Amino acid sequence: MTAARAAALPGSEAPAGDERLGEILRALDEDFLAVLGWDWERRVITWPRQHPVIGLPDCPVPGCPLAITVSTRPMCGGCMERWRGSSLPLEEFLLVPKQTSRGTGQGPCVVAGCGRPRVTVAGRLCLAHHVQHTSAGLRVLSLEEFLAHPGVVGHAEFGPCEVAACYLKAVSGQVPYCEAHLNRLYRARTAPGFDEAHWRRTDKAICTTREVSLRGMPERLVAELLYGLWVRTREGFKSRPECLRPVYDRLRARQVQQLEEVTDPAAHGHGREQVTMIRAGSERCAC
Ligand SMILES: [Zn+2]
Ligand SMILES: [Zn+2]
Ligand SMILES: [Zn+2]
């Protein structure tokens, strides 16, 4: 890390006098961070489409927004399942557009100047504009006609989802959460002794194909995880988002401050392997 970028870290979050953090930050590879689309404000790893070790190509099925995360497969996991349930040869299946997709993440409302997210990734309007478009006077309009109607104006956004791990926008003025976390909240708060403030700090990030959140974690842990991923990649180990995401979510849920604390005997499979590799990487960074 360059001095300039280190200086750009929020001073309030960087532990003063933590020499180890400084060492890890200086050891991070700038080019690799760029490959990950890393931004210290957003704190989300985006798996690249093209990279010799960790590249995830787009699923080739028309209309599918997902990525191929298992390199030996010709399609994303969902399209593989659909193909196995069809009687089509692969070449023909790859030509059939995907009709519906749950999609991933969150897209912006297409009304000019509207800061609110779409109701669904596949839809194109925020909730307020969806309701307006389906109202008595405007429902006969096509989407293009609706967008050009003088009574259709953009709305201000509601602000960010307040789950620490989340990087999406809130979908309501009443509760400060994205749609996914709102649904997770409804389920979580039925548990006895539910603590919403603790839940905000520790709940999982939303699941997308390419993106993995390192938000809601201390600087030291974020730096260790980035360094570990770089070491794994440099050594030619493929890291898939669906393997790392649960590890990162678990570290956040347990409010881990640094990887030295991780001695979880219950970790298993990919999880233990990844944490072991990550920690091994971070321990080598002072050399
Ligand atoms: Zn697909
Ligand atoms: Zn809108
Ligand atoms: Zn959220």
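Owing to the predicted nature of the structure, the values given are computational and were not obtained by experimental measurement.

1. Description of the coordination of the zinc ion (ligand 1)
Those protein atoms acting as donors to the zinc ion (ligand 1) are Cys59 (SG), Cys64 (SG), Cys76 (SG) and Cys79 (SG), and they sit at 2.3 to 2.4 Å. Every donor counted, the 4 donor atoms about the zinc ion (ligand 1) form angles of 102 to 114 degrees at the centre, which fits tetrahedral coordination. Of note, the zinc ion (ligand 1) draws all its donor residues from one chain, in the sequence arrangement C-x4-C-x11-C-x2-C. Here Cys64 is found in the loop between strand S1 (44-46) and helix H4 (77-84), whereas its partner Cys79 is found in helix H4, with 15 residues between them in sequence. Summarising the burial analysis for this pair, Cys64 and Cys79 share the class buried.

2. Looking at the coordination of the zinc ion (ligand 2)
Here the zinc ion (ligand 2) is held by the protein donor atoms Cys109 (SG), Cys114 (SG), Cys126 (SG) and His129 (ND1), which lie 2.1 to 2.3 Å from it. For the zinc ion (ligand 2), the 4 donor atoms in the first shell make angles of 96 to 116 degrees at the metal, a pattern classed as tetrahedral. The class of Cys114 is buried, set by a relative accessible area of 10%.

3. Some words on the packing of helix H10 (residues 219-234) against helix H11 (residues 241-253)
Look at H10 against H11: their axes get within 12 Å of each other, and the N-to-C directions meet at 160 degrees. Viewed along their axes, H10 and H11 adopt a mutual orientation that is roughly antiparallel. Relative to H11, H10 is oriented so that their crossing is right-handed. Counting all contacts with H10, which are made through Leu221, Leu225 and Leu229, the residues of H11 involved are Leu244, Tyr248 and Leu251. The residue makeup of the contact of H10 with H11, split by class, is 6 nonpolar, no polar and no charged.

4. Some remarks on unusual backbone geometry
For Arg43, which is not glycine, the phi torsion reads 60 degrees and is therefore positive. Summarising the element assignment, Arg43 is placed in the loop between helix H3 (30-35) and S1. With phi around 55 degrees, Gln255 is a residue other than glycine that occupies positive phi space. Following the sequence through the fold, Gln255 ends up in the loop between H11 and helix H12 (269-283). Residue classification places Gln255 among the partly exposed positions, given a relative accessible area of 31%.

Conventions adopted
- Residues numbered from 1 in each chain as written.
- Chains lettered and ligands numbered in written order.
- Predicted model: local features only at pLDDT ≥ 70, side-chain atom pairs only at ≥ 80, totals over all residues.
- Heavy atoms only, no water.
- Donors = N, O, S within 2.8 Å, 3.2 Å for Na, K, Ca; no water.
- Tetrahedral: all angles 85-135°; square planar, octahedral: opposite > 155°, others 65-115°.
- Helix = DSSP H or I, 4+ residues; strand = E, 2+ residues; numbered from the N terminus.
- Buried < 20%, exposed > 50% of the residue type's maximum accessible area, 1.4 Å probe, protein only.
- Axes fitted to C-alpha atoms, helices over the stretch in contact; angles between N-to-C directions.
- Parallel < 35°, antiparallel > 145°, perpendicular 65-115°, else oblique.
- Left-handed = near helix turned anticlockwise from the far one by under 90°.
- Contact = heavy atoms within 4.5 Å.
- Nonpolar A, V, L, I, M, F, W, Y, C, P; charged D, E, K, R; others polar.

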